[in-house]
Amino acid sequence: MNILLLSAGRRTSLLKAFRDAAIETGNEIIAADIDPLAPALYLADKTAFLTQNTNPAYVEQLWGIIKAHNIGLVVPAIDTELPVLAHIAPDLESNGCKALVSSEQVINACGDKWLTFKVLSSQGISVPMSWLPGSIDHASIPDNLVVKPRNGSASQHVHKVHKDMLDTALKFVPDPIIQEELHGPEITIDALLDFDGQPVHYVPRRRLKTIGGESMEGVTIADGELRPWILNILALLGRAGGRGPMTLQAFLTDSGPVLTEVNPRFGGGFPLAYAAGGLYPQWIVQTLTGGVVPPLEIGNYKAGLYMTRYYVEHFTEEPLWPL
C-alpha cells in the first residue's frame, strides 16, 4: 500500500513520518507537487508532477498517479484540495485507495468561517461573535474586531481593526467575515479521528511564534480542564463525518476556551504533536494494512515539549522537471 502525499511543498517532517510508516510495511511514499523544487519531493521514494487542483486536468492526473504507483492511501496537505478529494473519495475507495479526508459536509462547513460559526454555535460550542458585511449594527459591536476572508487560510488578508476603521478594512479583504477580537493564549490541538469518526488521540500546544500562519515555535500543554471540551468537539466532528487528522485552533480566554477554526487536515505544526507521542501516520497505516495499533490512552502525550524550527537547504543542478 504505497502512500501519496499531495501538495508536498515544505511538509518534509510529515513526509518523513509517513515514509517511516511505509517502510515498516514494505511500501513507498510518493510526493506530488507542481513545483519541481518543492523540498519534500527530494526526500520521497518517488515523485510525481501534479497540476493545481483548480485545473480541470487535476483529477485525471491524480488518477494517473494513483494507478501508476499502486497508491493505497492519499494524504492531502492543503485546504484547497480537500473538497476535490472528498468528492472523489468514494470512487477512490471502490478502486482500493483510501483518501485521508473527511466528508464533504465537514469539509464545506470547515472551509467557510461563517458556516463554521453557525454550525458550531448551534451546537453550544463557544466561538467568536461573527457578522457579515451589511448585517452590522455599529453601535452594538465590540470596539476591536478581526476582518478575514470567509474561506481564507495561512493568515492571509487578516486585519485587526478598531470598529471606526471597519468599512475601510472591508475594502481590502475578499469575501470578508467580521469577528470579535479574542484575548488570551492561542492554542492548537492536533487530533486524530479513526475511520468510524471516533477520537483516537490529541495533543494540545501553545503557538508561541507564527510566520505566515504556520507555527514556528510552540510548546505542548497539559490538557487539564480542556479534555471534556476537546472530546466534545471531536465527537461532534466525528458524528458529522470527520475522519483522520483534525487541527483545532482556539483562544484560552478569561471565560474559557473559544474555538476559532477547524482544519480537517494535518496542521503545519503537527511535527510537535508527533514528537510528543501523536504517531498518527504510523497508526493510520497500521490500521489500513491490518496491523496492530497499540492501545492508546486519551491524554497520553508529553506535555512541556518545546519546538523551534529553522530552514535547511537542498541543492541540485537538475530540477525534477522544467520550471
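Predicted model, so just to flag it, every value in this text is computed and none were measured.

Rules used throughout
Residues numbered from 1 in each chain as written. Predicted model: local features only at pLDDT ≥ 70, side-chain atom pairs only at ≥ 80, totals over all residues. Heavy atoms only, no water. Helix = DSSP H or I, 4+ residues; strand = E, 2+ residues; numbered from the N terminus. Expected span 1.5 Å × (residues − 1). Buried < 20%, exposed > 50% of the residue type's maximum accessible area, 1.4 Å probe, protein only. Arc of directions from axis to C-beta. Contact = heavy atoms within 4.5 Å. Core = buried A, V, L, I, M, F, W, Y, C linked by side-chain atoms within 4.5 Å. Salt bridge = Lys/Arg side-chain N within 4 Å of Asp/Glu carboxyl O.

Here we take up helix α1 (residues 12-24). An α-helix turns once every 3.6 residues. As a result, residues three or four positions apart point the same way. Counted at 1.5 Å a residue, the expected span for α1 with its 13 residues is 18 Å, and the 18 Å between its end C-alpha atoms agrees. Among all positions of α1, only Leu-14, Leu-15, Ala-17, Phe-18, Ala-21 and Ala-22 are buried. The buried side chains of α1 occupy one side of the element, clustering within an arc of 160° when seen end-on. As for α1, its buried residues are in contact with β1 (2-5), β2 (29-33), β4 (71-75), α8 (270-275) and α9 (280-288). In the stretch just after α1, Gly-26 is the one whose phi turns positive, near 75°.

Phe-18, Leu-234, Leu-259 and Phe-266 are the most contacted members of the largest nonpolar core, which has 58 residues in total. No other element matches helix α7 (residues 226-240), which puts seven residues into this core. Not counting chain neighbours up to four residues away, the residues in contact with Phe-18 comprise Ile-3, Ile-29, Leu-73, Val-75, Leu-100, Phe-266, Pro-281, Ile-284 and Val-285. Leu-6, Ala-48, Leu-82 and Leu-85 belong to the second largest nonpolar core, which has 23 residues in total.

A complete count under the given rule lists twelve salt bridges for this structure. With its nearest N and O atoms 2.8 Å apart, the salt bridge here joins Asp-45 to Arg-19. With Asp-45 in the loop between β2 and β3 (46-49) and Arg-19 in helix α1, the pair connects residues that are 26 residues apart, well separated along the chain. Residue Lys-98 pairs with Glu-93 through a salt bridge whose shortest N-O separation is 3.2 Å.

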